[in-house]
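Examination of the molecular architecture
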Amino acid sequence: MKNRFHCCATCIHFSAEKKEEGGMAYRCVRLGYETKPFYTFTCWEPTVKVKQLMKKEGLYSS
């Protein structure tokens, strides 16, 4: 079953910064390289808010 919450944008390691020349720069601070909000990696660790939403849907237990 695919988890609809599992993507870089919902991870605690995701960082989004506005570029001076316009646009956005998305980085994984744990891995140290650029990413996209919709990418998925096995090192994903959801934010507290996402964990709460997942618990409501029965997708997360801790």
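The structure we're discussing is the one just above.
In this report, the structure presented in the accompanying data block is examined. Position labels on residues start from 1 in each chain and follow its written sequence. This being a predicted model, a pLDDT of at least 70 is required before a residue's local features are given, and a value of 80 or more before pairs of side-chain atoms are given or counted; all residues contribute to the totals for chains, interfaces and linings. For side-chain calculations, the full set of non-hydrogen atoms in the structure is used, while hydrogens and water are omitted.

A look at the environment of H6
- The helix and strand labels rest on DSSP assignments: H or I over at least four residues marks a helix, E over at least two residues marks a strand, and numbering proceeds from the N terminus. Tracing the chain through its elements places H6 in the segment before β1 (14-18).
- Each C-alpha atom, one on H6 and one on V29, is 17 Å from the other, the two residues being 23 residues apart in sequence.
- Once residues lying within four places of it in the same chain are set aside, the contact partners of H6 are T40, F41 and W44.
- At 2.8 Å, the side chain of H6 forms a polar contact with the backbone oxygen of F41. Residue contacts are counted whenever heavy atoms from the two residues lie within 4.5 Å of one another. Pairing of N or O atoms within 3.5 Å defines a polar contact, subject to two protein rules: one partner must be a possible hydrogen donor and the other a possible acceptor, and residues neighboring in sequence count only if both atoms are side-chain atoms.

What to know about the side chain of T35
- Looking at where T35 falls in the secondary structure, it is placed in the loop between β3 (33-34) and α1 (48-56).
- Relative accessible area decides the class of each residue, using a 1.4 Å probe on protein chains only: under 20% of the type maximum gives buried, over 50% gives exposed, and in between gives partly exposed. With relative accessibility at 5%, the residue T35 sits in the buried group.
- Not counting residues within four places of it along the chain, the set of residues in contact with T35 comprises C8, F14, Y26, R27, C28 and F41.

Quick notes on the sheet that holds β3
- On the basis of which strands lie adjacent, the open sheet formed by three strands has the order β1-β2-β3 and antiparallel pairing. The open sheet has two edge strands with one neighbour each: β1 and β3.
- Alignment of β1 against strand β2 (residues 24-28), held across five bridges, turns out to be antiparallel. Of the residues in β2, the one forming a bridge with K18 is M24. Between any two strands, pairing holds if DSSP finds at least two bridges.

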